[in-house]
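Remarks on the overall topology
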Amino acid sequence: MGYKTIQYKTEGRVGVITLNRPEALNALCDELTTELAAALAACEADDGIGCVVLTGSKKAFAAGADIKELQSRDMVGLYNKDPFAETWEAVARFRKPIIAGVSGYALGGGCEIAMMCDFIIASESAKFGQPEINLGVMPGAGGTQRLPRAIGKAKAMDMCLTGRMMDAEEAERAGLVSRVVPADDFMDVVMEAAESIAAKSLPVAMMTKETVNRSFEIGLTEGVRFERRVFMSQFALEDQKEGMAAFAEKRAAHFKHR
Ligand code: HXC
């Protein structure tokens, strides 16, 4: 499929989706979120893909929802044709591992889409923020829920109420990003992480993602019980036999279900 507002390519078992509206700092217009959802559906359906990287340009991951498009929206229109349910949540619903590679601005919906990914690797140039309050609205794509879970109430309130930006170093200290990488090495490090994940057993990686995500939905006792059931079920996989045999035989594992 030919995309206009994103680029999509595969590198080995990694699907790389690059947001590509340079003229608007990758602002997330309807066409872009629709194309993003379509690319993710293609990655989900492709057995050759074990991990996805979602990234933008050097200057911007995404500067938020497209304000010029949002400007004319009304409540009934948004409610009746919920853009989040239709396209934005495709990232949160995506079942394979997905890494956000953030360079430059990740603001508003850009920060929210990055937080829907499994983890964020940031270039040292990255800047995160939820500036919606400056536009007379609040975050609407998960920012008020995912940000406090990621960085705690104090910083999340600070970010959402003042609308200020957080640099990469502060974001790492706060736990919003997993790693900060020098700008020159940034994409190499992101791809290395993605390739390493894509080499694992795909069902095991997907079950791991599902189980970690469960921890945000349910209590500890139920969460541990869920983990135990999934863990035990993995002993029915050939990949468990292969992984443990490879360790005992001092060789690299070759997982069948990749
Ligand atoms: C539409 C945008 C945009 C956006 C930038 N542009 N952000 N267009 N929506 N979110 C456009 C500008 O209008 C401009 O186009 C071009 O991109 C370059 O931007 P500049 O502002 O000239 O660049 P700069 O001075 O470097 O400032 C960068 C910036 C600033 C600090 C990131 O652009 C900015 O504050 N952007 C808005 C950030 C924001 O408020 N995001 C939250 C959006 S609401 P022209 O044509 O003038 O050259 C949101 C809600 C989520 O995300 C809920 C889901 C619906």
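Scroll up a little and you will see the structure.
Summary of the structure given here. (Residues numbered from 1 in each chain as written. Predicted model: local features only at pLDDT ≥ 70, side-chain atom pairs only at ≥ 80, totals over all residues. Heavy atoms only, no water.)

1. As for the site of the ligand
Put simply, the rule reads: Consider each residue's heavy atoms; a residue with any of them within 4 Å of a molecule or strand counts as near. Side-chain atoms alone can form a polar contact between residues adjacent in sequence; in general such a contact is a pair of N or O atoms within 3.5 Å, and within protein one must be able to donate a hydrogen while the other accepts it. Accessible surface is estimated by sampling points in the Shrake-Rupley manner with a 1.4 Å probe; for residues, cover comes only from the protein chains shown. Counting from the N terminus, the helices are DSSP H or I runs at least four residues long and the strands are E runs at least two residues long. Lys, Arg, Asp and Glu make up the charged group, whereas Ala, Val, Leu, Ile, Met, Phe, Trp, Tyr, Cys and Pro make up the nonpolar group; the residues left over, Gly among them, are polar.
Taken together, 21 residues lie around the ligand, and A63, A65, I67, K68 and G109 are the ones closest in. In the model, an oxygen atom of the ligand is placed 3.0 Å from a nitrogen or oxygen of the K59 side chain. Relative to its unbound accessible surface of 1000 Å², the ligand loses 65% to contact with the protein. Of all the secondary structure elements, the ones that give two or more residues to the shell around the ligand are helix 2 (67-70), helix 4 (83-93), strand 6 (105-107) and helix 5 (109-116). Each residue belonging to the shell around the ligand can be placed in one class, and the counts come to twelve nonpolar, three polar and six charged.

2. Structural notes on the packing of helix 4 against helix 5
For clarity, the threshold we go by: Helix axes are fitted only over the stretch in contact, all axes being lines through C-alpha atoms; the angle between N-to-C directions runs from 0 to 180 degrees. A crossing counts as left-handed when the near helix is turned anticlockwise from the far one by less than a right angle, and as right-handed when that turn is clockwise. Whether two residues are in contact is decided by their heavy atoms: any pair within 4.5 Å suffices.
Between helix 4 and helix 5, the least distance of the axes is 7 Å, while the angle of their chain directions is 35 degrees. In this structure, helix 4 crosses over helix 5, and the sense of that crossing is right-handed. The segment helix 4 lies against helix 5, with W88, V91 and A92 engaging G109, I113 and M116. For the contact of helix 4 with helix 5, the class distribution of residues is five nonpolar, one polar and no charged.

3. So, the environment of I120
To keep things clear, this is the line we draw: Each residue's exposure class comes from its accessible area (1.4 Å probe, protein chains only) as a fraction of the maximum for that residue type: buried when under 20%, exposed when over 50%, partly exposed otherwise.
Looking at the element boundaries, I120 is found in strand 7 (residues 119-123). Assessed through its relative accessible area of 4%, I120 is described here as buried. A sequence separation of 102 residues divides I120 from T18, and the C-alpha atoms of the two residues are 15 Å apart. Setting aside residues no more than four positions away along its own chain, I120 makes contact with A100, V102, A114, M115, F128, L176, V177, S178 and R179.

4. Examining the sheet that holds strand 8 (residues 127-129)
Quick note on the threshold: When DSSP finds two or more bridges between a pair of strands, those strands are recorded as paired.
Pairing in this open sheet of four strands is mixed, and the strands run 4-6-8-9 from one edge to the other. Bordering the open sheet on either side are strand 4 (60-62) and strand 9 (165-167), each of which pairs with just one other strand. Across the sheet, the axes of successive neighbouring strands diverge by a mean angle of 20 degrees, strand direction being ignored. By the bridge criterion, two bridges tie strand 4 to strand 6 in an arrangement that is parallel. Bridged to A62 within strand 6 is A106. Each of strand 4, strand 6 and strand 8 is contacted by helix 5, which is oriented at about 90 degrees to strand 6, the strand it contacts most.

5. A few points about the nonpolar core
To keep things clear, this is the line we draw: Nine residue types can take part in a nonpolar core, namely buried Ala, Val, Leu, Ile, Met, Phe, Trp, Tyr and Cys, and a core is a set of them joined through side-chain atoms within 4.5 Å.
F61, F128 and L176 are the most contacted members of the largest nonpolar core, which has 47 residues in total. With six residues, the top contributor of residues to this core is helix 1 (residues 30-45).

6. Some details on the sheet that holds strand 3 (residues 51-55)
Reading across from one edge, 1-2-3-5-7-10 is the order of the six strands in this open sheet, with mixed pairing throughout. One side of each edge strand has no neighbouring strand; the edge strands of this open sheet are strand 1 (6-11) and strand 10 (179-181). Across the sheet, the mean angle separating the axes of adjacent strands is 20 degrees when strand polarity is ignored.

7. A look at the layout of surface pockets
Unoccupied space between atoms shows up once a probe the size of one water molecule is rolled over them. Stated formally: Using a 1 Å grid laid over the protein atoms alone, points where a 1.4 Å probe fits but cannot get out form a cavity; open sets with protein on both sides within 12 Å along at least 5 of 7 lines form a pocket; any residue with an atom within 4 Å of a point counts as lining. Grid points are joined across faces, edges and corners, and a volume is the space filled by probe spheres set on the points. For each domain, the first and last residues come from an automatic or database assignment.
Approximately 1100 Å³ is the volume found for the largest pocket. Together, 34 residues line the largest pocket, and M116, C117, D118, N213 and F216 are the ones closest to its centre. The set of elements that each furnish at least two residues to the lining of the largest pocket consists of helix 4, helix 5, strand 7, helix 6 (143-151) and helix 10 (202-214). Element by element, the count of residues in the lining of the largest pocket is highest for helix 10, at nine residues. Looking at the lining of the largest pocket residue by residue, the class counts come to 19 nonpolar, six polar and nine charged. Counting only domains with at least three residues in the lining of the largest pocket, you end up with domain 1 (6-198) and domain 2 (201-249).

8. Looking at the packing of helix 6 against helix 7 (residues 153-162)
Note the threshold: In this scheme, roughly parallel covers angles under 35 degrees and roughly antiparallel covers those over 145, while 65 to 115 is roughly perpendicular and the rest are oblique.
Relative orientation of the contacting elements helix 6 and helix 7 amounts to 140 degrees, with a least axis distance of 7 Å. When the interaxial angle is binned, helix 6 and helix 7 end up oblique. For the element pair helix 6 and helix 7, the recorded crossing hand is right-handed. Residue-level contacts link L147, P148 and I151 of helix 6 to K153, K155, A156, M159 and C160 of helix 7. Of the residues belonging to the contact of helix 6 with helix 7, the class tally is six nonpolar, no polar and two charged.

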